[in-house]
Amino acid sequence: MKIKTPKYYNGHNNYTAREVVENFDLNYNLGTAVTYLLRAFSKHPDPKEDIQKAIDHLNFELQRLNKTTNVN
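The structure presented is a predicted model; accordingly, all values stated were derived computationally and were not measured.

The rules we used
Residues numbered from 1 in each chain as written. Predicted model: local features only at pLDDT ≥ 70, side-chain atom pairs only at ≥ 80, totals over all residues. Heavy atoms only, no water. Salt bridge = Lys/Arg side-chain N within 4 Å of Asp/Glu carboxyl O. Buried < 20%, exposed > 50% of the residue type's maximum accessible area, 1.4 Å probe, protein only. Helix = DSSP H or I, 4+ residues; strand = E, 2+ residues; numbered from the N terminus. Polar contact = N/O pair within 3.5 Å; in protein donor to acceptor, adjacent residues only side chain to side chain. Contact = heavy atoms within 4.5 Å. Axes fitted to C-alpha atoms, helices over the stretch in contact; angles between N-to-C directions. Parallel < 35°, antiparallel > 145°, perpendicular 65-115°, else oblique. Nonpolar A, V, L, I, M, F, W, Y, C, P; charged D, E, K, R; others polar. Bend = angle between axes of the 7 residues up to and from the residue.

**What about the pattern of salt bridges?**
Opposite charge on two side chains allows them to pair when their charged atoms are near. For the coordinates displayed, the defined rule picks out five salt bridges. With its nearest N and O atoms 3.9 Å apart, the salt bridge here joins Asp46 to Lys48. Classification of Asp46 by relative accessible area gives partly exposed; the value is 41%.

**Let's talk about unusual backbone geometry**
Of note in the backbone geometry, Asp25 takes a positive phi value of approximately 55° without being a glycine. Along the chain, Asp25 turns up in the loop between helix H1 (17-23) and helix H2 (28-43).

**A short note on the side chain of Glu61**
Along the polypeptide, Glu61 turns up in helix H3 (residues 48-69). Note on Glu61: relative accessible area 5%, which makes it buried. Here Asn27 takes part through its side chain, which lies 2.9 Å from a polar atom of the side chain of Glu61. With residues up to four places along the chain from it excluded, the contact list for Glu61 reads Asn27, Asn29 and Leu30.

**Notes on the packing of H2 against H3**
In contact at an axis separation of 8 Å, H2 and H3 are set at 170° when each is read in the N-to-C sense. What the angle tells us is that H2 and H3 run roughly antiparallel. Residue-level inspection shows Tyr28, Asn29, Leu30, Thr32, Ala33, Tyr36, Leu37, Arg39, Ala40, Phe41 and Lys43 of H2 in contact with H3, the latter providing Asp50, Ile51, Lys53, Ala54, His57, Leu58, Phe60 and Glu61. Split into classes, the residues belonging to the contact of H2 with H3 amount to eleven nonpolar, three polar and five charged.

**Some points on H2**
Residues spaced three or four apart along an α-helix point in a common direction, a consequence of the helix completing one turn every 3.6 residues. Leu37 marks the point of greatest bend in H2, at about 25°. Residues of H2 that are buried include every one of Asn29, Gly31, Thr32, Ala33, Thr35, Tyr36, Arg39 and Ala40, and no others. Of the surrounding elements, those touching the buried residues of H2 are H1 and H3. Two or three places before Asn29, at the opening of H2, Asn27 has a side-chain oxygen 3.2 Å from that residue's backbone nitrogen.

Laid out in structure tokens, this is it:
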């Protein structure tokens, strides 16, 4: 059953942002970043806020990865 989502979450061929994230098995930070990017030009006339939010979540993921690789 397909869940009804706002139009800005739907791409070509009826793929939703959620389906893309799930298909690639992305974690929270990466999935959220991708979702912000996928909808950035559809949700608002100015995509800068969603692009910045995507960058923030990519930075969160880098911080998480740096913590896990720097554990002694």
